[in-house]
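# Working through the structure, step by step
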There are 2 protein chains.
Amino acid sequence: MTRFATTSKYPMISWEEAWAIVAKTVTPLAPSPVGLLGLHDLVLAEDIVAARNMPPFAASKMDGYAVIADAGTSARRVLGEQDAGNMLDVEVTPGTTVRIMTGAPLPKGADAVIPVEQTSETDGIMHPQRAVRPHEQVRLAGQDIAIGDLVIAKGTVLGAAEIGLLAMVGRAEALAHPRPRVAVMATGDELVPPGEPLAPGQIHDSNSYALCAAVQAAGGIARRIDRSIDNEDSLREALLGAVTDADLVITSGGVSMGTRDLLKPVLASLGTVHFGWVAIRPGKPLTFATIQGVPVFSLPGFPVSSLVTFENTVRPALRIMAGHKALWRPKVEACLSHSVRH
Amino acid sequence: MTRFATTSKYPMISWEEAWAIVAKTVTPLAPSPVGLLGLHDLVLAEDIVAARNMPPFAASKMDGYAVIADAGTSARRVLGEQDAGNMLDVEVTPGTTVRIMTGAPLPKGADAVIPVEQTSETDGIMHPQRAVRPHEQVRLAGQDIAIGDLVIAKGTVLGAAEIGLLAMVGRAEALAHPRPRVAVMATGDELVPPGEPLAPGQIHDSNSYALCAAVQAAGGIARRIDRSIDNEDSLREALLGAVTDADLVITSGGVSMGTRDLLKPVLASLGTVHFGWVAIRPGKPLTFATIQGVPVFSLPGFPVSSLVTFENTVRPALRIMAGHKALWRPKVEACLSHSVRH
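Before going into details, it helps to say that this report is about the structure given with it. (Residues numbered from 1 in each chain as written. Chains lettered and ligands numbered in written order. Predicted model: local features only at pLDDT ≥ 70, side-chain atom pairs only at ≥ 80, totals over all residues. Heavy atoms only, no water.)

Attention now moves to the overall build of chain A. Check the secondary structure of chain A and you find 6 helices and 21 strands. What you see for chain A is a C-alpha radius of gyration of 32 Å, clearly larger than the 20 Å of a compact globule of 342 residues, by over 25%. Expressed as lengths along the three principal axes of its C-alpha atoms, the size of chain A is roughly 110 × 50 × 40 Å. In chain A, once contacts between residues fewer than 6 apart in sequence are set aside, the share between residues at least 24 apart is 68%. Carbon and sulfur atoms form 54% of the exposed surface of chain A, whose accessible area is close to 15400 Å². Across chain A, the mean location of the 30 positive side-chain charges is 7 Å away from that of the 34 negative side-chain charges. (Helix = DSSP H or I, 4+ residues; strand = E, 2+ residues; numbered from the N terminus. Rg over C-alpha atoms; globule rule 2.2 N^0.38 Å. Contact = heavy atoms within 4.5 Å. Areas by Shrake-Rupley, 256 points an atom, 1.4 Å probe, with all protein chains shown as cover. Lys, Arg positive; Asp, Glu negative; His and termini not counted. Charge placed at Lys NZ, Arg CZ, Asp CG, Glu CD.)

Rendered as structure tokens:
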């Protein structure tokens with residue numbers, strides 16, 4: 001008797017139906033506090049509200065002299081020098097001034113800065129070359145960010161500028177969705193690790209490496225599981241091991257309708273198979289299951305099919321887990337300027 | 001006497017001149033062998049030439065029956081079953097056939113496969129529903145990749161598909177330019193780490209965190225150096241430490257013309273300052289030096305200036321080091337659909 005199966009025991013569904021099932025099953029990973037150096041490319045899971053003003057004090061925009069603004073150009077006696085970082089204990093009064101560095105806090109009394117280029121100083125007396133208006137060359141306290149401002153909204157993807165902002169408002173860490181940990185396993189007795197010699201009928205495992213790279217590109221942390229021989233027990237053991245410390249599991253191979261395609265029955269015995277046959281090409285045997293609540297995507301073994309189904313179904317699922325609102329790549333319309341061949 | 005400097009001792013040069021100096025100084029990092037799981041997003045530093053055919057043997061594209069093609073639909077006796085992974089020791093002759101799984105090697109004698117859906121099998125006899133032509137449903141040996149083919153060219157940025165190809169042709173590792181190791185240090189006595197309280201006149205260090213994220217986004221490995229108090233000795237020590245285990249060093253702050261801007265003299269005492277004043281805004285004080293052959297970029301301390309100069313000068317330098325040919329972001333022309341304000 002032939003052991004071929006010519007139809008799947010799973011009904012064929014459209015990709016849209018399949019995606020609806022995935023989108024209903026996969027949820028964002030629980031947020032946890034992450035330090036500034038680990039936040040790059042993560043999705044923020046809290047609103048960041050300013051707890052203080054930025055700048056926290058009125059500060060000079062230029063190297064120059066802190067003065068009380070007036071309409072004239074009268075000389076002023078230099079009381080001292082205000083660096084960034086420590087407050088000089090003086091008060092600027094009419095007729096006096098303090099040398100000030102870019103970014104340094106405006107000394108008590110002063111309300112404007114005359115840039116050094118527009119002054120001269122001799123024997124402790126500064127001569128301005130022009131009059132100065134109040135707040136000239138001054139960043140006022142709270143000018144950039146005021147207390148209570150929403151600095152970064154929940155759901156924002158954190159890049160360099162956002163991480164700088166977090167630091168600026170004093171946050172050493174923020175709540176973010178972690179990177180999904182993804183276990184990747186290729187199945188198939190014919191597979192041999194790259195670098196080892198091939199016996200007749202064998203090929204090198206390439207899918208697990210390609211899929212690990214695709215997981216990394218999608219912002220996940222990939223862990224490759226060494227291929228197990230294709231029998232029910234070893235597949236069962238490998239899958240149970242994978243779901244214990246992964247947020248998502250990807251297998252490749254073992255899902256078409258050949259004799260040795262043991263994977264679907266093993267998935268069904270360990271958990272729930274949500275679909276096992278999708279009307280897409282390549283990728284018809286694309287299978288989606290959950291084991292102990294962990295999503296398992298079983299992709300076809302043909303290398304192109306495995307990467308294509310990763311791209312159109314697993315990647316957006318990973319983006320849901322990472323907290324992204326934008327699940328799909330941007331679409332760009334383009335015209336070929338030359339013909340292409342297969 | 002005032003300690004202000006109102007002109008830089010370095011001549012002001014254009015950004016184009018500055019970039020020409022950087023591009024002449026910075027070189028790709030020496031390639032080293034990297035395992036498949038670490039290759040994602042690296043630049044390949046060797047041509048990959050196929051050492052064998054892919055597929056290595058003629059293989060079935062479908063689940064079906066391996067036969068000798070002929071014009072008729074005569075019944076064939078089933079000799080056995082050919083899985084992927086181990087060669088069946090039989091020879092297909094006229095009037096006989098072997099069950100075969102997708103991807104499995106074609107048994108000796110056979111030259112075509114009839115898909116299982118177009119057959120019926122009873123009592124060990126297979127009845128084809130149609131005639132079959134030679135090579136039907138067969139991937140010939142070397143059809144995808146033939147011995148001697150250039151599989152991936154030197155200089156290619158390795159993504160999931162390329163890493164899969166490397167594995168497919170049996171490579172467990174490949175020569176690639178490593179990720180640049182980048183030390184990042186913010187200078188300024190007024191800086192306090194995020195999470196710690198601020199005294200009057202102090203602000204939180206944000207640049208070192210933003211720049212570390214920018215380095216990560218550019219494909220580098222960022223190491224933040226804890227801010228040192230702004231005096232010549234501590235800066236000298238921090239810089240000498242940084243160049244010993246980094247491929248590139250970034251500092252922020254301490255390069256404008258204020259009293260406390262000690263960085264340029266320290267850089268000059270430790271190595272060569274190639275430029276220290278560039279006609280760009282923001283970013284005029286952008287400084288580029290080498291210490292013991294290691295490039296050092298000293299960016300202005302104002303957060304926007306530091307990220308902008310990173311983007312337009314440090315990022316392309318990092319891409320040179322990582323072996324990229326494409327140094328600049330793609331340019332896209334766009335129209336604003338609404339007005340924007342500062």
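A separate point is the environment of Leu198(A). Structurally, the position occupied by Leu198(A) is in the loop between strand 15 (191–192) and strand 16 (203–204). Given a relative accessible area of 25%, Leu198(A) falls into the partly exposed group. Setting aside chain neighbours within four positions, we find Leu198(A) in contact with Val192(A), Ile203(A), His204(A), Arg52(B) and Pro56(B). (Buried < 20%, exposed > 50% of the residue type's maximum accessible area, 1.4 Å probe, protein only.)

We now examine helix 1 (residues 15–25) of chain B. Residue and element names in this part refer to chain B. Of all the positions in helix 1, only Trp 15, Ala 18, Trp 19 and Val 22 are classed as buried. Taken down its axis, helix 1 places every buried residue within 95° of arc, on the same side. In helix 1, those exposed residues whose orientation departs by more than 90 degrees from the buried face are Glu 16 and Lys 24. Contacts made by the buried residues of helix 1 are with strand 19 (272–275), strand 20 (287–291), strand 21 (294–299) and helix 6 (303–321). (Arc of directions from axis to C-beta.)

Residue and element names in this part refer to chain B. Ordered by their spatial adjacency, 3 strands build an open sheet running 1-13-2, and the pairing between neighbours is antiparallel. Strand pairing shows two members of the sheet lacking a second neighbour, strand 1 (32–35) and strand 2 (43–44), which therefore form its edges. Pairing geometry for strand 1 and strand 13 (residues 173–177), over 4 bridges, is antiparallel. Following the sheet pairing, Gly 35 is matched in strand 13 by Glu 173. (Pairing = 2+ DSSP bridges.)

Right, let's get into the sheet that holds strand 10 (residues 125–128) of chain A. Residue and element names in this part refer to chain A. Pairing is mixed across the open sheet formed by 6 strands, whose spatial order is 8-5-7-6-10-9. At either end of the open sheet lies a strand with only one pairing partner, and these are strand 8 (112–115) and strand 9 (119–122). Looking at each pair of strands side by side, their axes are set apart by 40° on average, direction ignored. (Axes fitted to C-alpha atoms, helices over the stretch in contact; angles between N-to-C directions.)

On to the relation of the copies chain B and chain A, then. With an RMSD of 0.0 Å, the operation that places chain B on chain A is a rotation of 180° combined with a shift of 0.0 Å along the axis. The relationship between the two copies is best expressed as a two-fold rotation axis. Within chain B, the C-alpha atom positioned nearest to the axis of rotation is that of Val332(B), 5.5 Å from it. Most of the interface of chain B is mirrored in chain A, where 98% of its interface residues again form contacts. (Least-squares fit on C-alpha atoms with pLDDT ≥ 70 in both.)

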